[in-house]
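Breakdown of the fold
Chain by chain, the residues:
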Amino acid sequence: MRMQLPLSVEIGTLIVFGIFLLLILRGVYKNYLVTIFTKRYKGPAHLDSKVAEEYIELKTYAGQGGRGIKSPGGGLRYSNKGIAYRLYFTVENKMVELDVDKGTFEQLPEQADGIFDYKRNMYYSFVANKEKKDD
């Protein structure tokens, strides 16, 4: 014979399960949904500065085996070294910082005005205005 729980307990369980499920979905899809619904900007901007800076990212795992450096705590430590190429733009009186690849970084002139195209943290293009020379 199956024991039936009171209706209030069943409703409470469903509500708690629903909240738990929504929190998980929110955490997983937050960046994805924000990226989809963020408006893409294409308009005038000023390239303030270009910065190339070294970074070291260390990750430690509590496992045995694999390829890595044995840390004093017993886990394995992996490092990722590189150079981050960042562009700083002024768009509608606010600062926008974006990471780009080395080729894009080297191609753009510093302290230039132009048409900037980006969406959230995704760089699409920057076309610098050509200076007109009076003869």
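Residues numbered from 1 in each chain as written. Predicted model: local features only at pLDDT ≥ 70, side-chain atom pairs only at ≥ 80, totals over all residues. Heavy atoms only, no water.

As for the overall build of the protein chain
When helices and strands are counted, the protein chain shows 2 helices and 6 strands. Its helices and strands in sequence order give the protein chain the pattern α-β-β-β-β-α-β-β, from N to C terminus. Buried residues in the protein chain amount to 22% of all 135 residues. The long-range fraction of contacts in the protein chain, counting pairs at least 24 apart against all pairs at least 6 apart in sequence, stands at 52%. (Helix = DSSP H or I, 4+ residues; strand = E, 2+ residues; numbered from the N terminus. Buried < 20%, exposed > 50% of the residue type's maximum accessible area, 1.4 Å probe, protein only. Contact = heavy atoms within 4.5 Å.)

As for the nonpolar core
Counting 17 residues, the largest nonpolar core has L87, F89, V91, F116, Y123 and F126 as its most contacted members. By residue number, the principal contributor to this core is strand β3 (residues 76-91), which donates 4 residues. Filtering out sequence-adjacent residues up to four positions away, F126 remains in contact with A45, L47, F89, L108, A112, D113, G114, I115 and F116. (Core = buried A, V, L, I, M, F, W, Y, C linked by side-chain atoms within 4.5 Å.)

Some words on the packing of aromatic side chains
Inspection of the entire model under this criterion finds 7 aromatic pairs. Considering the side-chain rings of Y41 and Y118, the 5.9 Å spacing of their centres and the 55° angle between planes classify their relative orientation as tilted. Here Y41 is found in strand β1 (residues 41-61), whereas its partner Y118 is found in strand β5 (residues 112-119), with 77 residues between them in sequence. Residue classification places Y41 among the buried positions, given a relative accessible area of 16%. (Phe/Tyr/Trp six-rings, centres within 6.5 Å; stacked < 30°, edge-to-face > 60°.)

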